[in-house]
Amino acid sequence: MQIRVLPSNLIDQIAAGEVIERPASALKELIENSLDAEAKRIDIELLAGGTRLIRVSDDGRGIPGESLPLALARHATSKIQSLEDLERVATLGFRGEALPSMASVGRLKLSSRAQHAAGAWCIESNGGDVHAAKPAPHPPGTTVELRELFFNTPARRKFLRTERTEFVHCDAAVRHLALARFDVEWRLRHNEREVLELARATTREQQEARLSMVCGSEFLDHARYLEREIEGMKLRGWLAEPSYSRSQADMQYTFVNSRFVRDKLLRHAVRLGYEDVLFHGRHPAYVLYIELDPKRVDVNAHPAKLEIRFRDSRLVHDLVFRTVEATLATGLVSDTETAPRTPPARAPQAKQGSFRLDDRQRGHGVREAATLYERLHAQPIASSSDDEMPPLGYALAQLSGVYVLAQNRDGLIIVDMHAAHERVVYEQLKAALADSKLSMQPLLVPVPLRLSLAEADLLEQWETQLAELGISIRRRGPDEVQIDGMPLALQDGDAEVLLRDIVSDLAADEGPKRVGQAVDALLATMACHGALRANRRLTLDEMNALLRQMESTERSGQCNHGRPTWTQLTIADLDRLFLRGR
Ligand code: ADP
Ligand code: MG
């Protein structure tokens, strides 16, 4: 066959194969265009699950008449002009592909009136055959009608499911976008019936009302609000308490700069935050928003832009994991309300030495009394002579399941117990590795691990390095790997969860890293698993042991992710706080 340049319409149809998979993807692109045009109100009308008609009307900026043909031209966009623009893109679209793709696989009519323009114009395309623009009635804003999607591409049409299924996908797309933009008013109609009508939601109460309309009121009844900002990154959102966990991962919404994304890193960070409080096989429910400088994310990683890449992924992971963990920790310790609602305890399956279930089943009352007793009798707490006082002092109490409070010569010490312990474990693992003492301990019950073929291959490639870290694995089948042994230091943790994390760490790294670096990363993952989790109640002895370990650990002032592990409030700081002159 001769080499020839493809006809332009075929190029559009090929592009449509990537971005317009089904009615819901066309709908998503249309709504995103309205949002990019700063619409404050979006009306959506669907017929037959979007297969017969998708109509999206907005009150946004509109398109000047002379630009209408360009809007349907391939690679024509008003959103970026240069590579620099691409690297800090803040709009949802930027590829200039959606409208020409839709126009090539359906019957499209675009009507628009630019704000302040004297009149409106419209342009039509029939499967890519574009007619001349002509004047038309339309208020300021834009309406796109897409009829008979895939009428000219039978192969694609074959993949359409029932009207009902296509509608469910459209409905989900609208809900995602409605959660992404509380400041926009939405209306969705299907087959001439009202499905969703959402007023603008500015206050948190109004936002929660929208949340309960979109996710159901039960979600909201069990949700905890969180808000946190570090290093220019803002995280806010709602997490369902573990008692509202689900059997499917179907209520997990993450938004980055108002873009709905499915991101492995975020999902992983949230799951880790829930790890100690969620039963095996259950999925958490959450709606989380991250705002950060657009330069710090790469959104050009996927044609439908559902996947993104964070430039400082460790930091994002850490922010999400820590905030989720801390949000779930507060209240759970003291909140006996939630205890009866958790499903009945099952025996920990094949998880030798795992402490999580037992810890919560034990009577808290007994532990509390014991702790109180120790507090009264065991320690020569603060009054011990100054020369014997260790630098980080002696433990006083545990706060909120997350912090250890201690007193030293200068005043109050506050320790983030997970971060501190993580650093201690990390340094121990490193030292043990250097002395080749990271010895493997065979598991009593080997743990089978079902993976994808690619994941199993990946893990197998790393078998030798993992063995050096004390992790013994064996390939059992194309999609199965068995964990036979774990290092002694990690016998308390959950081998399966650790290995799954290791696989996703290995898979997430683009390009081969130096082995040393990769091993450090594996150690960090192992340390994170081996470290104390929020909500783990500690006795004063255990807290003091942690303080002593921190004192004898190098770089214990920071966790592996560079965050501080403890801080001091001196007596002078406290005096200042209480305006007490001395
Ligand atoms: P992209 O969104 O990637 O720029 P599209 O093919 O989706 O590409 O849209 C092409 C152009 O048409 C956009 O850049 C924008 O200028 C214009 N446009 C599309 N939809 C609207 C709308 N609802 N309101 C205003 N302008 C729009
Ligand atoms: Mg677009």
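It should be noted that the structure appears before, not after, this text.
The text that follows walks through the structure, step by step, so that each part is easy to find. Not measured: the values here are computed from a predicted model.

Our focus in this paragraph is the pairing of strand β17 (residues 394-399). Inspection of the sheet shows β17 paired to strand β18 (residues 403-408) by 5 bridges, in the antiparallel sense. Among the inter-strand pairings, Y394 is bridged to a residue of β18, identified as Q407. Count of turn residues in the β17/β18 antiparallel hairpin: 3 residues, of which S400 carries a positive phi of about 60 degrees.

This part is about the packing of aromatic side chains. Scanning the model with the defined rule gives 8 aromatic pairs in all. Summarising the aromatic geometry, the rings of F182 and W238 are spaced 6.3 Å apart at their centres and angled 70 degrees between planes, so their arrangement reads as edge-to-face. Here F182 is found in the loop between α7 (163-180) and β8 (185-190), whereas its partner W238 is found in strand β11 (residues 233-240), with 56 residues between them in sequence. Exposure remark for W238: the relative accessible area of 1% places this residue in the buried category. A centroid spacing of 4.9 Å and a plane angle of 15 degrees characterise the contact between F255 and Y289, whose relative ring orientation is stacked. One end of the pair, F255, is in strand β12 (residues 252-256); the other, Y289, is in strand β14 (residues 286-291), with 34 residues separating them in the sequence. Assigned by exposure class, F255 and Y289 land together as buried. Cluster of aromatic residues (ring-pair linked, three or more members): F182, Y225, W238, Y253, F255, F260 and Y289. A cation over an aromatic ring shows up here: R107 above the ring of F151, its NZ or CZ 3.8 Å from the ring centre.

Let us look at the sheet that holds strand β20 (residues 440-450). Spatially, β20-β22-β21 is the arrangement adopted by the 3 strands of the open sheet, whose pairing is antiparallel. Bordering the open sheet on either side are β20 and β21 (472-477), each of which pairs with just one other strand. Taking each pair of neighbouring strands and ignoring which way they run, the sheet shows an average axis angle of 20 degrees. Note: β20 against strand β22 (residues 480-487), 7 bridges, orientation antiparallel. Residue pairing for β22: L449 is matched across the bridge by V481. Packing of helix α15 (residues 453-461) onto the sheet brings it into contact with β20, β21 and β22, and relative to β21 it is tilted by some 140 degrees.

Below, the discussion takes up the side chain of E29. Positionally, E29 belongs in helix α2 (residues 23-36). When neighbours within four sequence positions are excluded, E29 is seen to be in contact with V19, I20, A98, M102 and K305.

For strand β3 (residues 107-113) and strand β4 (residues 120-126), the ladder comprises 6 bridges, and the chain directions are antiparallel. In the strand pairing of β4, K109 is matched with E124. Where β4 lies against strand β6 (residues 134-136), 3 bridges are found, and the strand directions are antiparallel. Within β6, the position partnered with W121 by the bridge is P135. Bridge analysis of β4 against strand β5 (residues 129-130) gives 2 bridges, and the strand direction is antiparallel. Note that in β5 the partner of S125 across the bridge is V130.

So, how was this worked out
Residues numbered from 1 in each chain as written. Chains lettered and ligands numbered in written order. Predicted model: local features only at pLDDT ≥ 70, side-chain atom pairs only at ≥ 80, totals over all residues. Heavy atoms only, no water. Pairing = 2+ DSSP bridges. Helix = DSSP H or I, 4+ residues; strand = E, 2+ residues; numbered from the N terminus. Phe/Tyr/Trp six-rings, centres within 6.5 Å; stacked < 30°, edge-to-face > 60°. Buried < 20%, exposed > 50% of the residue type's maximum accessible area, 1.4 Å probe, protein only. Lys NZ or Arg CZ within 6 Å of the ring centre and 35° of its normal. Axes fitted to C-alpha atoms, helices over the stretch in contact; angles between N-to-C directions. Contact = heavy atoms within 4.5 Å.

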